[in-house]
Structures are given as structure tokens and as C-alpha cells.
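Chain by chain, the residues:
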Amino acid sequence: MIFEGLPTTPRAEELVDKAFSRAARAGRAKRGHEAQESMLRTAGNVLSDNLENVVTSWPDFGFDVDPFYYELADAIVDVDRLRQALSQVMWASRQIEDLRDEYTTKIRNSDVDTARKHRKQAFARMADVMDQIEDDLRYIGDSRDQLKVLPDVKTDEPAIVVAGYPNVGKSSFVNRVTRASNRIAEYPFTTKDVQIGHFDRNHVRYQIVDTPGLLDRPEDERNDIERQAVSALEHLADAVVFVIDPSGDCGYPLDVQLELREEVRELFGADVPLLTVANKHDRFEAVKAESVDATMSVTEDENVEDVLDMAVDAVGYEPDLPTRDGE
Ligand SMILES: Nc1nc2c(ncn2[C@@H]2O[C@H](COP(=O)(O)OP(=O)(O)OP(=O)(O)O)[C@@H](O)[C@H]2O)c(=O)[nH]1
């Protein structure tokens, strides 16, 4: 996942301590001008290199970040603020390099006492630059901590998103069709686990995503963060399986469930096919609901594979498989 490998972000104070103590050590090995210059270069390099590394460890939000992850990240942190912080830190890295070079020249052109004064002044100005980006580094560090636990979704694999009211059997369905491994992920802003399952059809790997807390209630009951996460899902979904429970066991009347279906259909738009699947067929006779595409019973293992086939057909993914004899 795109934010997974981000290293911990150092704090400004930590970097300053590290830079100046390395500088002191480098200075002790030398005498006179050389000692001052060596201290200056060491401190400057430690600061500018570490700052640059902070920035380059992030993907470029303008290029490398898939819209799904961009929107999801933006649900959790303020991506504009984060990008601003990253450019401030890059600015600071350059600024410190400039100070290093400017004062190296000054040190070389002065007597030893003045050289020491110049070096001290350079350190003070570097510390000043570090002060200016203290908040930026903290924002980057906090963002990193929150984003690195985002669920690992493959933005290049076809994805089926499962929606429907609580207790209709969504997670039972996902569990049933999913290989045991690599199933659970978490959104940092919900207490519930998001399930991301995988299954294979015709040598293609599909993802199936259960979204508790997101697509299991009406839009007006979602907070801003959840709405944003839903719009991230809109980028991801190649098909939606909307599960209803006509038995009423779930506690929601059928008409209420169908209202949510229309809302979800509208959210995802005409480009994303939506299948309505009536679950718990062992608990009801006939579906009175309109435009139900299939019935199934996950617990009785009735029709589950057929539903999956329908979902795969709805996705309509055509892999570029090599053909034999150039067919
Ligand atoms: N009788 C019957 N019960 C089912 C069926 N499928 C699921 N259930 C039961 O319905 C209950 C809810 O199932 P879940 O899979 O947790 O439902 P969910 O939609 O994921 O619910 P949330 O996690 O709350 O969003 C569980 O007790 C399941 O065992 C079915 O086909 N028939």
C-alpha cells in the first residue's frame, strides 16, 4: 500500500540535536578554520539531508496517488495542508544548504575568531529555519501515523463493493467467498473492521470489499469523514452488490432497505452496475421487492457462487490474455 512504508518523521528539535551533536564531534577532530568549517558542513548536511528524505519518502500526490487513496487520505488528513507542509520542509532543506554554502565562504575568508562567530551565527540561523517548520514536521508525522494503517486495496484489481443495512449478511457473504488469508483491514476512523477479501475467477483476482459504517445507512446519517470515504469507494468500485434481507430478521423493513439501495445506486452513478441480492432465502418464501437480481442464503450455501458469477459478469473485466494461434 502506498503509504505503508513511510518512515517515522523526525521532530524539529530531534533533528537539531542530532545535527549539532554530530557537528561538535566533527569539530573536535580538527583545529582552527577547519574545525569551524567541518562543524558547519556537518550540521548543514545532517539537517538538509534528513529534511529532504522526509519529503522524498512521500509519493507525489499530483502524480502517483490513485484517486481512491487520494480521497481516502483526504478523509483522514487535510491533504492540501500536508502538501503545503511537505513543500515547506523542502524549502527549509534548500535554505539550510544555502546557509551552509554562504557561511563556508565567510569562514574561509576570515580569521579564526571571526570564523567561530560566523559558524555560531550560521547555527543560529539554521535553528531558526528549523523553528519555522516545527509545525509542518509535526503535521507530516501525524499524517504519516494515520495514513500508514489505511487498508491495503489494490487499485488495479477489479473491485466489488458490498452494501446494505446492518445484519443483512454482508460480512457472512464476504467471508464465504473469500480465501482465509489477507481479509481484514481497518479504516482508522471507524471502530469496525473493513473486510477486503479476494477471490479468483478465470485467472483474474477480484477484490470484494465490505464497508461497515459507510454503505450501511442513509447518506444524512454519515458524517463528513464517512462521506469522503464513500466518495473514495466510488473510485474503487467496479460493481456494487447490494444485499437486502426480505425476512426482516435484520430489523429493517424492506422498503427502508430499498430506499438505501436507490441512494447507493445514485451515489455510484450509472457507470457502476448494481446487483440487488436478497439474502436469507431460508427465512422467506418469495421476494416482493422489485428488481431483485438473485436470491441466496449464505448460511445454507444456496446460490452464493451464482451471485459471485453475476457480480463478475457485471464487472465485465476483460483481461488482456494472450490468445493461442493469434485468435
Ligand atoms: N438465516 C440466515 N441467516 C443469515 C444468512 N446470512 C447471514 N445470516 C445471519 O445474519 C446475521 C448478520 O450477518 P452479518 O454477515 O454479520 O451481517 P452484516 O450485514 O455484515 O452486518 P454488519 O456487520 O452489522 O454490517 C448473522 O447472525 C448471520 O449468521 C442467511 O442466509 N440465512
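The rules behind each value
Residues numbered from 1 in each chain as written. Predicted model: local features only at pLDDT ≥ 70, side-chain atom pairs only at ≥ 80, totals over all residues. Axes fitted to C-alpha atoms, helices over the stretch in contact; angles between N-to-C directions. Helix = DSSP H or I, 4+ residues; strand = E, 2+ residues; numbered from the N terminus. Parallel < 35°, antiparallel > 145°, perpendicular 65-115°, else oblique. Contact = placed C-beta atoms within 7 Å. Nonpolar A, V, L, I, M, F, W, Y, C, P; charged D, E, K, R; others polar. Near = placed C-beta within 6 Å. Domains from an automatic or database assignment. Buried ≥ 20, exposed ≤ 12 C-beta atoms within 10 Å, placed from the backbone. Pairing = 2+ DSSP bridges.

1. Here we look at the packing of helix α4 (residues 79-108) against helix α5 (residues 112-132)
Pairs of packed helices are described in terms of their axes, by the angle between the two and the distance that separates them. Contact geometry for α4 and α5: axes closest at 10 Å, N-to-C directions at 175°. Relative to α5, the element α4 lies roughly antiparallel. Taking contact as the criterion, the partners of Ala92, Gln95, Ile96, Leu99, Tyr103, Lys106 and Ile107 in α4 are, on α5, Ala115, His118, Arg119, Ala122, Arg125, Met126, Val129 and Gln132. Split into classes, the residues belonging to the contact of α4 with α5 amount to nine nonpolar, three polar and three charged.

2. Examining the site of the ligand
Taken together, the neighbourhood of the ligand is formed by 17 residues, with Pro166, Gly169, Lys170, Ser171 and Ser172 sitting nearest. Its residues placed into classes, the shell around the ligand shows four nonpolar, eight polar and five charged.

3. Some points on the domain arrangement of the protein
The assigned domain composition of the protein is domain 1 (12-147) and domain 2 (159-315). In this structure, domain 1 and domain 2 have C-alpha centres spaced 48 Å apart. In this assembly, eight residues from domain 1 lie in contact with nine residues from domain 2. Here the side of domain 1 that touches domain 2 gets seven residues from one element, more than from any other, and that element is helix α3 (residues 67-76).

4. Details of the pairing of strand β1 (residues 159-163)
Regular strands place side chains that alternate from one sheet face to the opposite one. Within β1, five of the five residues are buried, which leaves the element mostly enclosed by the surrounding structure. Of the two faces of β1, both are covered, the one formed by Ala159, Val161 and Ala163 as well as the one formed by Ile160 and Val162. Direction of pairing for β1 relative to strand β4 (residues 204-210): parallel, over a ladder of four bridges. Across the sheet, residue isoleucine 160 finds its bridge partner in β4, namely isoleucine 208. Across four bridges, β1 lies against strand β5 (residues 239-244) in parallel orientation. Each bridged residue has a counterpart across the sheet, and for isoleucine 160 the counterpart in β5 is alanine 239.

5. Quick look at the environment of methionine 310
Tracing the chain through its elements places methionine 310 in helix α10 (residues 304-315). Through-space distance from the C-alpha of methionine 310 to that of threonine 295 is 12 Å; in sequence the pair is 15 residues apart. When neighbours within four sequence positions are excluded, methionine 310 is seen to be in contact with Leu275, Asp293 and Ala294.

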